[in-house]
2 protein chains.
Amino acid sequence: MTHPTDRRGHRPDARPQPAGPPTLATVADEAGVSRQTVSNALNNPELLRPETLTRVQEVIDRLGYSPNRAARQLRTRSSHLIGLRFEPALEGTSNALMDRFLHSLVATASETGHHLLLFSGDPEDPLDGYDDLLRSTAVDAFIVTDTYAGTPQSGFLRDRGAPFVAFGRPWDEPGAAHAWLDVDGAAGARLATRHLLEQGHRRIAWLGWERSSRIGQDRRSGWEDTLREAGVDPTGLGVRLTDNVDAARMAAHHVLDDPTVTGFVCASDTLGLGVLHALAERGRQPGADVGVVGFDDSAAAQVTWPGLSSVRQPLERVAQDLVEILHLVLAHKPIAEPGRMLAPSLVVRRSSLRGWTP
Amino acid sequence: MTHPTDRRGHRPDARPQPAGPPTLATVADEAGVSRQTVSNALNNPELLRPETLTRVQEVIDRLGYSPNRAARQLRTRSSHLIGLRFEPALEGTSNALMDRFLHSLVATASETGHHLLLFSGDPEDPLDGYDDLLRSTAVDAFIVTDTYAGTPQSGFLRDRGAPFVAFGRPWDEPGAAHAWLDVDGAAGARLATRHLLEQGHRRIAWLGWERSSRIGQDRRSGWEDTLREAGVDPTGLGVRLTDNVDAARMAAHHVLDDPTVTGFVCASDTLGLGVLHALAERGRQPGADVGVVGFDDSAAAQVTWPGLSSVRQPLERVAQDLVEILHLVLAHKPIAEPGRMLAPSLVVRRSSLRGWTP
DNA sequence: ATGAAAGCGCTAACAC
DNA sequence: GTGTTAGCGCTTTCAT
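Residues numbered from 1 in each chain as written. Chains lettered and ligands numbered in written order. Predicted model: local features only at pLDDT ≥ 70, side-chain atom pairs only at ≥ 80, totals over all residues. Heavy atoms only, no water.

### A short note on the overall build of chain A
In step 1: Assigned secondary structure in chain A consists of 13 helices and twelve strands.
In step 2: In terms of overall size, chain A is more extended than a compact globule, its C-alpha atoms giving a radius of gyration of 27 Å where 358 residues would be expected to give roughly 21 Å.
In step 3: Buried positions account for 53% of the 358 residues belonging to chain A.
In step 4: At a minimum sequence separation of 6, the contacts of chain A that also span at least 24 residues come to 68%.
In step 5: Summed over all atoms, the accessible surface of chain A reaches about 15,800 Å², with 51% contributed by carbon and sulfur. (Helix = DSSP H or I, 4+ residues; strand = E, 2+ residues; numbered from the N terminus. Rg over C-alpha atoms; globule rule 2.2 N^0.38 Å. Buried < 20%, exposed > 50% of the residue type's maximum accessible area, 1.4 Å probe, protein only. Contact = heavy atoms within 4.5 Å. Areas by Shrake-Rupley, 256 points an atom, 1.4 Å probe, with all protein chains shown as cover.)

### Let's talk about the interface of chain A and chain B
Many descriptions give the size of an interface as the accessible area lost when the pieces come together.
In step 1: On the side of chain B, 44 residues touch chain A, which itself brings 46 residues to the contact.
In step 2: Where chain A meets chain B, there are zero salt bridges.
In step 3: Remark: the boundary between chain A and chain B carries 21 residue pairs in polar contact (both at pLDDT 80 or more).
In step 4: Broken down by secondary-structure element, the contributors of at least two residues to the side of chain A that touches chain B are α4 (69–76), α5 (93–110), β2 (115–119), α6 (130–135), α11 (269–282) and α12 (299–303) of chain A.
In step 5: Here the element with the most residues in the side of chain A that touches chain B is α5(A); it accounts for eight residues.
In step 6: Residue composition of the side of chain A that touches chain B, grouped by class: 25 nonpolar, 14 polar and seven charged.
In step 7: Pairing between β2(A) and strand β2 (residues 115–119) of chain B: three bridges, direction antiparallel. The partner of A:Leu117 across the bridge, within β2(B), is B:Leu117. (Salt bridge = Lys/Arg side-chain N within 4 Å of Asp/Glu carboxyl O. Polar contact = N/O pair within 3.5 Å; in protein donor to acceptor, adjacent residues only side chain to side chain. Nonpolar A, V, L, I, M, F, W, Y, C, P; charged D, E, K, R; others polar. Pairing = 2+ DSSP bridges.)

### Structural notes on the nonpolar core
In step 1: Grouped together as the largest cluster of nonpolar side chains are 88 residues, with contacts concentrated most on A:Phe264, B:Phe264 and B:Val292.
In step 2: Aside from chain neighbours lying at most four places away, what touches B:Val292 is B:Leu196, B:Phe264, B:Cys266, B:Gly272, B:Val275, B:Leu276, B:Leu279, B:Leu308, B:Ser309, B:Ser351 and B:Ser352.
In step 3: Judged by nonpolar contacts, the second largest core, of 56 residues, contains A:Phe101, B:Ala319, B:Ile325 and B:Val329. (Core = buried A, V, L, I, M, F, W, Y, C linked by side-chain atoms within 4.5 Å.)

### Some points on the protein's contact with DNA strand D
In step 1: Taken together, the neighbourhood of DNA strand D is formed by 29 residues, with A:Thr52, A:Arg77, B:Leu24, B:Tyr65 and B:Arg72 sitting nearest.
In step 2: Counting only the atoms of DNA strand D that lie within 4 Å of the protein, the sugar and phosphate share comes to 70%.
In step 3: Within the contact set of DNA strand D, a phosphate oxygen lies 2.4 Å away from a side-chain nitrogen or oxygen of A:Arg77.
In step 4: Contact distances for DNA strand D include 2.9 Å between a base oxygen and a side-chain N or O atom of B:Arg75. (Near = heavy atom within 4 Å.)

### Some points on the domain arrangement of chain A
Residue and element names in this part refer to chain A.
In step 1: Taken domain by domain, chain A holds domain 1 (24–63), domain 2 (72–184 + 314–343) and domain 3 (185–313 + 346–352).
In step 2: Contacts between the two partners involve 17 residues from domain 2 and, on the opposite side, 16 residues from domain 3.
In step 3: Note on domain 2 versus domain 3: buried area summed over both sides is about 1,400 Å², and carbon and sulfur give 51% of it.
In step 4: Viewed at the interface, domain 3 and domain 2 are joined by three salt bridges.
In step 5: For Asp218, the salt bridge goes to Arg169, with nearest N and O atoms at 3.1 Å.
In step 6: Where domain 2 meets domain 3, there are nine residue pairs in polar contact (both at pLDDT 80 or more).
In step 7: Every element with two or more residues in the side of domain 2 that touches domain 3 is listed here: α5 and α13 (315–330).
In step 8: Looking at which element gives the most residues to the side of domain 2 that touches domain 3, the answer is α5, with four residues. (Domains from an automatic or database assignment. Buried area = accessible area lost by both parts, 1.4 Å probe.)

### What about the UniProt feature "domain: HTH lacI-type" (unreviewed entry) in chain A?
In step 1: In this numbering, the UniProt entry assigns the feature "domain: HTH lacI-type" (unreviewed entry) to residues 22–76 of chain A.
In step 2: Helix makes up 71% of residues 22–76 of chain A and strand 0%, with an end-to-end C-alpha separation of 20 Å. (UniProt positions renumbered as here; feature names shortened; annotations may be inferred.)

### Describing the environment of B:Val59
Residue and element names in this part refer to chain B.
In step 1: Within the element layout of this structure, Val59 appears in helix α3 (residues 50–63).
In step 2: Sequence separation of Val59 and Ser79 is 20 residues, and the distance between their C-alpha atoms is 26 Å.
In step 3: The residues touching Val59, leaving out its near neighbours within four places in the chain, are Val27, Glu30 and Ala31.

### What about unusual backbone geometry?
Residue and element names in this part refer to chain A.
In step 1: Trp305 connects to Pro306 through a cis peptide bond whose omega is 0 degrees.
In step 2: Secondary-structure assignment places Pro306 in the loop between α12 and β10 (309–312).
In step 3: Backbone geometry places Asp297, a non-glycine residue, at a positive phi of 50 degrees.
In step 4: Inspection of the secondary structure assignment puts Asp297 in the loop between β9 (291–295) and α12.
In step 5: Classification of Asp297 by relative accessible area gives buried; the value is 4%.

### Quick notes on the relation of the copies chain A and chain B
In step 1: After a rotation of 180 degrees and a shift along the axis of 0.0 Å, chain A superposes on chain B with an RMSD of 0.1 Å. Here the copies are linked by what is in effect a two-fold axis. (Least-squares fit on C-alpha atoms with pLDDT ≥ 70 in both.)

### What about the confidence of the model for chain A?
In step 1: Per-residue confidence for chain A gives a mean pLDDT of 90; residues scoring 70 or more make up 92%.
In step 2: A low-confidence stretch, residues 90–94 of chain A (pLDDT under 50), is modelled with 13 contacts involving residues beyond four sequence positions or located in other chains. (pLDDT = per-residue confidence, 0-100.)

### Some details on the packing of aromatic side chains
In step 1: The final tally for this structure, using the stated rule, is twelve aromatic pairs over all chains.
In step 2: With centroids separated by 6.0 Å and ring planes inclined at 85 degrees, the aromatic side chains of A:Trp305 and A:Trp356 adopt a geometry described as edge-to-face. Of the two residues, A:Trp305 is situated in the loop between α12 and β10 and A:Trp356 in the segment after β12 (345–347); the sequence distance between them amounts to 51 residues. With respect to class, A:Trp305 is no different from A:Trp356; both count as buried.
In step 3: Judged by centre distance (5.2 Å) and plane angle (85 degrees), the ring pair of B:Phe119 and B:Tyr130 falls under edge-to-face. With B:Phe119 in strand β2 and B:Tyr130 in helix α6 (residues 130–135), this residue pair connects regions lying eleven residues apart in the sequence.
In step 4: An aromatic cluster of at least three residues, connected via ring pairs, comprises A:Phe119, A:Tyr130 and A:Phe142.
In step 5: Its end group placed over the ring of A:Phe295, A:Arg219 keeps NZ or CZ at 3.8 Å from the ring centre. (Phe/Tyr/Trp six-rings, centres within 6.5 Å; stacked < 30°, edge-to-face > 60°. Lys NZ or Arg CZ within 6 Å of the ring centre and 35° of its normal.)

Dropping the structure here:
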C-alpha cells in the first residue's frame, strides 16, 4: 500500500537519490545553508542577504522544489483550501449560474494561492460534509452558496467559529453578523420591468416561484413596485408556479387569454422559455407582439430563438468579492459591513424588442 | 518530547481550554489508552479487542473527533484529493457537460472519502498548475479532461510518474499506455443519423467543426459511414464551421437552399440550435419539415422550443468509471485495458419527430 | 492486543 | 543573517 521504495533512510548517512520530490533539506544541503534559511527564502525573503537569497533561489529553481503542502499545513494550520459544497441545483436557478460562478471562483482564488475543495453531502442534510471537513482541518474556510430561507449552514458555521462567507443574504435574520454577499434580485426585476414599460408595454405579468421562496419574493417585489410606480395595478398579473418549462408554458397560455397583457417578467430563464413556448404555440411573435424577460442569463437564454432577454448576475464580481471578504475574515480583519449587495444588469435580446422581424 | 500527554504549549499549565479540534491524544487520554490504539481503532479496528474498540469509538463520537488531514497526509503521503483543472470551455462542447460531470464526479469521489481539488492555470499553457500541485504533493492523482489532439498533459504526467486518468482518448498516440476513458462520438453520430433515416430523411447534412478537431472528425465519421451504409452519398452534405450559433444559422440557410436536404446532424447543440434559428427564419417547422439532432444534450437543448433532439453522453457513468480506474491506478493494480469506451444514447425531442404539430 | 519511539517536511522561537 | 531546537498530529516499525 505504501511506497515500495523506502525513500530516505533512517540511517544518518543515507541519502542516495531523491526518490520523491525534493524537500527543504535537499535544497538546504545543495545550497550549503540550513533548512531554516531555505524556509526564510520562501516565506521571509527580506530576512536573507541578497546573495544568499539568490543562491538559494537558484537551487530551488534548479531542483524544481515546492514546499510540501501537508507539512506546511500541519505546521501553519492553514491548508489554503476553500471548501464549497457542490450539488444539484436546489432552486432551479442556481444550476445555470454554477458554471460561470465556479470558473470565476477558481480563477480568483488561485491568485492568492488558494484552491477550491469540492465536496458533496446528503441532499437531505444541508450540514452534511461541513463538520467533517472542519474537524479534520481540511479547509481554511467555506463559501456557502445555498443560503435559502431556513438553511442552517450559516448559523452552524458561525457557532463553530468556522471562517466562511455566504453567497446569499441571511433571509431569516437580517441582522446576522456573518459576512455575506448577494445580488439584488428586486433591482434586477425592476430593470426588466422598466425596460418593458419603455418598450410600450403596460400590463406586464410576473411569472415566479412559490411564495415560500424568499429569492422569488424578492424578485417579485421589484416587478410589483415598478409597476405601481408606473401607475399600473399589478393585481391579478402575478402567477406563482414551480420552476419548470411546461408549467410556465401553460401558465403563460392562461395569462395570454387576456389580450391586454403584452409583457412577462420571469423569475428564471426556465420560466421565460416556457413563455416563449406558449407564444410559439399561439403563433405570436416574441418581442414584436409580447415582450419577455428571463432571469440569470443562462446559456439557454443566449442560444434560444429568437434570444431571451435576461437579468444577469455579475458572477465574476461576486466571486472576486467573495474571495476578498474571505481573506478579511481569515485575517480576522474587521469588515466594514457584514453584508454587501451587488447590482445585476439587463441583457436585452429580441424577446423584448418591439421592432424586429424574422 | 516533554509531556506526551500535554499537547500544545511548552508549559505544563498552558491553555486549559481545547482551542482546536480534539486530537488523537485527546481521545487516547479520555479513553485511557495509548494514541496508537486510537489510531488502530481508526485504521485497523480488527486489531483491537471488541470492548476496547467500543470504548474508543464511544469517545471518538462523543468528542466529535476526526483525524487531522494534514498530519495523516504527511505521514501516509496521500491527500485523498483528486486534482482537476477547471477552466472555460476550450472546444465549445465541454462547457455544457461540465456541470453534470462535476456533480457526478464529486459524488462518486466522496464515496471513497476523496474530494475534488479544482485549480486553474494559464490558458496559454495546458500544463500550468499540474506541476506545482505534483511537487507539493497536494493531490493523489489527476483527472484530465481536456485531452484534445496535441494536448501534452497525458505525456507530461506519465513522464513524471503521476497517477491520472484521462477523460478523452489519446488521439495522437493510439497505443498510449496511460489509463483513459472516452465516449464514442462516432457511435453517437451514427445513432442520430440512423434515427433521421428512420424518420424518412435521406439527404441528411452534417454541421461540424473544423477539420483540426479530432473529436469533430470522429463524430463526423459516424454520420458519414451511416449515410453511406444507407446508400446515400454524403458528398457536399458536410459543412465545417466554428462552434457558434450564428455561424450555424448561416450555414444552415445555405444548405437549406437545396430543397432535397431535410435533415441535420450536428456536432454540438450550439450548432443544432443555429439550425433551429434558420428554420424559424424560413418559417419551416423543425421535425415536421426538417429533422435536427444536436450533440451533448445541454440544458438549452432541453428547454428550447420545440425541444432539440440530442446525443447524450453518460456522464454519470463516466465519472464513476473514472474514479474506479483511478483507484486501480493508485493501488498499482493492473488495468485490463488502458482505454475504455462508453456508448452515448439518443434523446429524441420534437426537432427530429415528423408527426407533431404545434 | 497494546505501548514506546521515531519521524513525515515544515516553520515558530530562540540562540549565535 | 543564519543555525539550532522543538514540535504540528499522525502512522509505522518494533517491543512487550
